[in-house]
Structure formats: structure tokens, C-alpha cells
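What the coordinates show
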Amino acid sequence: MINSRNKGKVGERECAAVWTELGWPSRRGQQFSGEEGRDIVGPPLHVEVKRFKKQMRFFDWHEQAERDAADGDMPVVCFRKDHGLWFIAFHLCRVNEFCEKLKG
């Protein structure tokens, strides 16, 4: 059985690998640089990573991303249910900003 701390680390590594496959070389934030609140370093966004088994607490997760994001960083939440696919979520009113940031 995996504890929640290790589950978070594994989830961050998995999510970073997906971002890397999509063209934004990424890694866990705290693992290398100790950047508080930044789960993934690489994409031009503030990415909060969450894995869950039963209870999805999306609004809490997004509030955390908003609190932790530096000025100018767009907060997004990447999440997946155990053994599921990764999803990304953010405020719909920011879809143009999301697209612009990923265009670089």
C-alpha cells in the first residue's frame, strides 16, 4: 500500500512525464528546487497535481492552485483517479490565456 506522500510524488512524476511528452520538458518542482507550491516545473502555468481514490475535491484543489500561483501565473489543476487518465481543469474564462501560454 502506498502512503499519501509517496502517492503525491508518484503523481507529480507521472504528470511531469505527460507534460514532457506533450512538448514541455517538465519535472517535479519541490524535488529539485524546493519551490513551495509548485508541483510541476516546465509548462508556462502554475500546475497543481492531484490523484484521488474516491473523493474528488476539485474546488479545494483549484483554490489551492490560485493561492499558490505567483503573480501572472495561470493556475490549473491536473488530476486523475487512481488507475485513470489525467485531466486538466481551469476557469473557462481563461481558455484563451491557456492557449496563448502554451503557444509560447
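What counts and what doesn't
Residues numbered from 1 in each chain as written. Predicted model: local features only at pLDDT ≥ 70, side-chain atom pairs only at ≥ 80, totals over all residues. Heavy atoms only, no water. 1 Å grid on protein atoms, 1.4 Å probe; cavity = no way out; pocket = protein on both sides within 12 Å on 5 of 7 lines; lining within 4 Å. Points joined across faces, edges and corners; volume = space filled by probe spheres on them. Helix = DSSP H or I, 4+ residues; strand = E, 2+ residues; numbered from the N terminus. Nonpolar A, V, L, I, M, F, W, Y, C, P; charged D, E, K, R; others polar. Pairing = 2+ DSSP bridges. Axes fitted to C-alpha atoms, helices over the stretch in contact; angles between N-to-C directions. Buried < 20%, exposed > 50% of the residue type's maximum accessible area, 1.4 Å probe, protein only. Right-handed = clockwise from strand over helix to strand, strands pointing away. Polar contact = N/O pair within 3.5 Å; in protein donor to acceptor, adjacent residues only side chain to side chain. Contact = heavy atoms within 4.5 Å.

**Focus: the layout of surface pockets**
Considering only enclosed or pocket space, the second largest pocket measures out at about 210 Å³ in volume. Secondary-structure elements contributing two or more residues to the lining of the second largest pocket are α1 (4–21) and β3 (46–52). Here the element with the most residues in the lining of the second largest pocket is α1; it accounts for four residues. Classifying every residue of the lining of the second largest pocket gives one nonpolar, four polar and seven charged.

**Some points on the sheet that holds strand β5 (residues 87–89)**
Overall, mixed pairing links the three strands, which are arranged β3-β4-β5 in an open sheet. Looking along the sheet, the strands with just one partner apiece sit at the ends: β3 and β5. In this sheet, neighbouring strand axes are inclined to one another by 25° on average, regardless of whether the strands run parallel or antiparallel. Across seven bridges, the pairing between β3 and strand β4 (residues 75–81) is parallel. For V49, the partnering residue across the bridge sits in β4 and is C78.

**Re the pairing of β3**
Taken across its seven residues, β3 has seven buried, putting it largely inside the fold. Both faces of β3 are covered, namely the face carrying H46, E48, K50 and F52 and the face carrying V47, V49 and R51. Regarding the hand of the β-α-β motif, the stretch spanning β3, helix α3 (residues 58–68) and β4 is right-handed.

**Some remarks on the side chain of R38**
Mapped onto the elements of the fold, R38 is located in the loop between α2 (29–32) and β2 (40–41). Of the residues examined, R38 reaches a relative accessible area of 17% and is grouped as buried. In this structure the side chain of R38 is engaged in a polar contact, spanning 2.5 Å, whose partner is the side chain of D73. Not counting residues up to four positions away in its chain, the partners in contact with R38 are G29, Q30, L45, H46 and D73.

**Let's talk about the pairing of β4**
Among the seven residues that make up β4, six are buried, leaving the element largely enclosed by the rest of the structure. Two strands pair when backbone bridges link them, and β4 and β5 are joined in this way by three bridges, in the antiparallel orientation. When the sheet's bridge partners are listed, F79 is paired in β5 with F87. The hairpin turn running from β4 into β5, its antiparallel successor, is five residues long, and H83 in that turn takes a positive phi close to 70°.

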